[in-house]
Amino acid sequence: MTARFTPAFRAALLAHYDAEKRDLPWRGETDPYRVWVSEVMLQQTRVETVTARYAAFLREFPTIRALASATEDRVLKAWEGLGYYARARNLLSAARVLVADHGGRLPRDPEALAALPGFGRYTAAAVASIAFGRPVAVVDGNVLRVFARLLDEARDAGTAAVRARIEGAAGSALSRERPGDWNQATMDLGATICVPRKPRCPECPVARWCAGRRSGRAASLPRKRRKAAVPHVEVAVGIVEKDGRVLIGRRPSKGLLGGLWEFPGGKRRADESFREACAREVREETGLTVAVGEEVDVVRHAYSHFRVTIHAFLCRPLSGRLRARGTTRLRFVRESELGRYAFPRANGRILETLRARGGMGRCPRRT
Ligand code: SF4
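Residues numbered from 1 in each chain as written. Predicted model: local features only at pLDDT ≥ 70, side-chain atom pairs only at ≥ 80, totals over all residues. Heavy atoms only, no water.

Enquirer: Which residues make up the site of the ligand, and what values go with them?
Expert: As a structural note, the neighbourhood of the ligand is formed by Arg149, Leu150, Ile193, Cys194, Cys201, Cys204, Ala207, Cys210, Arg213 and Ala218. Because more than half of its atoms lie within 2 Å of the grid, the ligand is assigned to the largest cavity. Tallied by class, residues from the shell around the ligand come to eight nonpolar, no polar and two charged. (Near = heavy atom within 4 Å. 1 Å grid on protein atoms, 1.4 Å probe; cavity = no way out; pocket = protein on both sides within 12 Å on 5 of 7 lines; lining within 4 Å. Sits in = over half its atoms within 2 Å of the grid points. Nonpolar A, V, L, I, M, F, W, Y, C, P; charged D, E, K, R; others polar.)

In structure tokens:
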């Protein structure tokens, strides 16, 4: 099977990469820190989104030491819009480990890289090959698809045996002379030509080596088990306004959206209206009894393992003393200061709606 990946196969893909590679801000970058940041950003975020945020993040944190000395709030704010915020917290943790234990530099060895917070095999292989020229193959979703098709591998790609076969093939196909370019070439091929639904085989530089193309079933590969239905969660949140300030809470550092700020609220119970859920959740999370007024927004958002619909209401405090439960901090902040805080995307969309309305407005006296 590995005989398929001949020098001619490698030469064809690398020549195509040299001629057609995408013009991306991190292309040709060899500074290990910058390579690392780009690879972490690209893991679960679209290239277009990363392109828009990459340079700004590096302007704010130009070196590992600059990143290591930043607060978590600042890093999360700089990460806003990229999603999957655990990556930002891990970047910060790893930068601090690098300063404490590695002289502020990334180690060259893939095993040492993989031991850093948030790295894993993918990031370690990408940084080791692109920044340090180490011959280790990257296998991300794009590469897995390309090799499943090249091998005409029609078994379930989620099984360990199939995964091992594909990783073995990716490893044996790797160019030892240009491992960083090779990894980027295979990722590019998956992103631009060997795309999920309709691979563009007539344009493919390695079509003559592709068993999936010959069998005619490339488009259906890799095979994956059908995913379970994604749960849907309904949430009510309160925009609690007092003297021109609005109440926000900081989520605990660990867990989903850890360390981000949000409006108080939570899941609606089956026997509640959204207004009732808003009043109860705000009371439970903040200690405040509120009058629930106008519904100002309904935001739908999809996370990797659930979908959420958020109903946002303007609220006015009636009684009670502020105390945080479920969040680490609560704070009334001026509307003009909200931009300093990192919010999850769904809360950010509520903020955009409020700004488009010209501000918080006033909560009606009666509900
Ligand atoms: Fe993918 Fe088609 Fe190229 Fe095979 S020939 S690697 S299926 S684009």
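Enquirer: Account for empty space enclosed by the protein, with residues named and values stated.
Expert: By the definition in use, this model includes two cavities of 30 Å³ or more. Size it by volume and the largest cavity reaches roughly 120 Å³. With three residues, the top contributor of residues to the lining of the largest cavity is helix α9 (residues 141-150). Looking at side-chain class alone, the lining of the largest cavity contains twelve nonpolar, no polar and three charged residues. Computed from the structure, the second largest cavity encloses a volume of approximately 30 Å³. Every residue lining the second largest cavity is listed: Trp26, Glu29, Val35, Ser38, Glu39, Ile130 and Gln184. Looking at the lining of the second largest cavity element by element, the count peaks at three residues for helix α2 (residues 32-42). Classifying every residue of the lining of the second largest cavity gives three nonpolar, two polar and two charged. (Points joined across faces, edges and corners; volume = space filled by probe spheres on them. Helix = DSSP H or I, 4+ residues; strand = E, 2+ residues; numbered from the N terminus.)

Enquirer: With reference to specific residues and values, describe the pattern of salt bridges.
Expert: Counted under the stated rule, the structure contains 22 salt bridges. When the shortest N-O distance is used, the salt bridge between Asp18 and Arg178 registers 2.7 Å. In this pair, Asp18 sits in helix α1 (residues 7-20) while Arg178 sits in the loop between α10 (160-173) and α11 (179-192), placing the two residues 160 residues apart along the sequence. For Arg178, a relative accessible area of 27% puts it in the partly exposed group. A salt bridge links Glu234 to Arg268; the nearest nitrogen and oxygen atoms lie 2.7 Å apart. Of this pair, Glu234 sits in strand β1 (residues 232-242) while Arg268 sits in the loop between β4 (265-267) and α13 (274-286), placing them 34 residues apart in sequence. A relative accessible area of 27% places Arg268 in the partly exposed class. (Salt bridge = Lys/Arg side-chain N within 4 Å of Asp/Glu carboxyl O. Buried < 20%, exposed > 50% of the residue type's maximum accessible area, 1.4 Å probe, protein only.)

Enquirer: So, the packing of helix α8 (residues 120-132) against α11: which residues are in play, and what are the values?
Expert: Between α8 and α11, the least distance of the axes is 7 Å, while the angle of their chain directions is 130°. In terms of orientation, α8 lies oblique with respect to α11. Judged by the sense of rotation from one axis to the other, the crossing of α8 with α11 is left-handed. Residues Tyr122, Ala125, Ser129 and Ile130 of α8 touch α11, and the partners they reach there are Pro179, Gly180, Asn183, Gln184 and Met187. Looking at the contact of α8 with α11 residue by residue, the classes come out as five nonpolar, four polar and no charged. (Axes fitted to C-alpha atoms, helices over the stretch in contact; angles between N-to-C directions. Parallel < 35°, antiparallel > 145°, perpendicular 65-115°, else oblique. Left-handed = near helix turned anticlockwise from the far one by under 90°. Contact = heavy atoms within 4.5 Å.)

Scope: geometric values only; no functional claims are made or implied.
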